[in-house]
Amino acid sequence: MIKKSAAAPVPVRHVIWLGWITVVFLSFALCFWALLRLHFSPGISPPTNSLSRARLRSRIPRYNNFNGTPKIAFLFLSRFNLPLDFLWGSFFENADTANFSIYIHSAPGFVFDESTSRSRFFFNRQLTDSIQVAWGESSMIEAERLLLANALEDPANQRFVLLSDSCVPLYNFSYIYRYLMASPRSFVDSFLDLKDGRYHPKMSTVIPRSKWRKGSQWISLIRSHAEVVVDDEVVLPVFKKFCKRRPPVDISKGKLNMKLQKQHNCIPDEHYVPTLFAMSGVEDEIERRSLTYTLWNQSATKMDNKAWHPVTFNYADVGPKRLKEIKDINHIYYESESRTEWCRVNSTSVPCFLFARKFSRGAAMRLLSEGVVAPFDASSLLGNSP
């Protein structure tokens, strides 16, 4: 009878080696699978490095009781340069530099210096982490968040005013400073528009229809509310996924326009902050109105791409009578809510608007020449553009 020889035992070191190979292989497989999901997922896109930094709470000093001189952070959202910098320069000349700071989100790489700006107040005030912005896309609200995140790094900044490159002040710095500092509330245009078709039903798992709001993007925030915007990691991803711009009307496409216009349309910057505040439970802490006056031109034809476009004020449009009419506005009526918002600060009646848009260079020069912002000879600017 032949005896079968027993199999030679496998060395322990081989078992360990095979175990490590298995672990490494599985780790690589899991990482590869995760990257594939991230790349091909139709859902929420990952944030850029700059926006990730904007979300870091450790980046922002958290002071509940700031004892120094409070500042207003003026946050300019610009395409490239600031065409009305000469007017703002005069505005800031009459202010104490300890009472304000300036931040500009412009095109990536654009630098404010002697060759691109008429005013020293804007030199090197551009963000170093700016992004490319497309109107009507979520990049607009991402740029706003970047401005707020940068401004929040300075604990002295206690008020945050978002402005476009066509905004002008309607009063001098002293008046605007007292107005904003006297109020413990933010100013955010916010209303419920049941006729608005921009709400996407698929948002409902995170944003209920009852919390959907609309309003002007030109906001003025107190510090705690600015932190709410920068810290948000819930509402923004939903906007990036579902709130997109419908393609503009192109007459050359003929009947195809009707099909394109049936796509869901949403302008994120007109909904994000008021909706976020409704979701965050801070609506009772804000004045539900904007401090920036805008005159809208509603076209009679739906195919006109100028429908609901803000009117640009030129030199002839901003005479003393017109300015007085804007400054005398003391209430705003919201038809969709049958609500009248009376403009008050601490129970005191005040003008509704501190700023206005959209103003041309000629209109801004007239404001200067008539001493609205400060005494100035606007004729000295003619022919001296950078």
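What you see is a predicted model; the values in this text were computed from it and never measured.

Caption draft 1: The arrangement of the sheet that holds strand β4 (residues 168–169) in detail. Spatial strand order, β4-β15-β8: three strands in an open sheet with mixed pairing. Unpaired on one side and paired on the other, β4 and β8 (292–294) mark the two borders of the sheet.

Caption draft 2: Quick peek at the state of the cysteines. Using the criterion set out here, one finds two disulfides in the structure. Here cysteine 243 pairs with cysteine 266 through a disulfide, and the sulfurs are 1.7 Å apart. Measuring handedness by torsion sign, the sulfur bridge of cysteine 243 and cysteine 266 sits at about -55° and is left-handed. Within this pair, whereas cysteine 243 is found in the loop between α7 (235–242) and α8 (256–260), its partner cysteine 266 is found in the loop between α8 and α9 (272–280), the two being separated by 23 residues in sequence. No difference in accessibility class separates cysteine 243 from cysteine 266, as the two residues are buried. Sequence-ordered numbering of the bonded cysteines in the protein gives a disulfide pattern of 1-2, 3-4.

Caption draft 3: Representation of the pattern of salt bridges in the model. Per the stated rule, a full pass over the model turns up 15 salt bridges. The partner of arginine 223 in a salt bridge is glutamate 227, and the shortest N-O contact between them spans 3.7 Å. Taken together, the residues arginine 223 and glutamate 227, both in helix α6 (residues 223–231) and four residues apart, mark about one turn of the helix. Judged on exposure class, the residue arginine 223 and its partner glutamate 227 are both buried. Between arginine 322 and glutamate 325 there is a salt bridge, and its shortest N-O distance comes to 3.1 Å.

Calculation criteria
Residues numbered from 1 in each chain as written. Predicted model: local features only at pLDDT ≥ 70, side-chain atom pairs only at ≥ 80, totals over all residues. Heavy atoms only, no water. Pairing = 2+ DSSP bridges. Helix = DSSP H or I, 4+ residues; strand = E, 2+ residues; numbered from the N terminus. Disulfide = S-S within 2.5 Å. Buried < 20%, exposed > 50% of the residue type's maximum accessible area, 1.4 Å probe, protein only. Salt bridge = Lys/Arg side-chain N within 4 Å of Asp/Glu carboxyl O.

Everything listed here is a matter of coordinates, which is why it stays silent on function.
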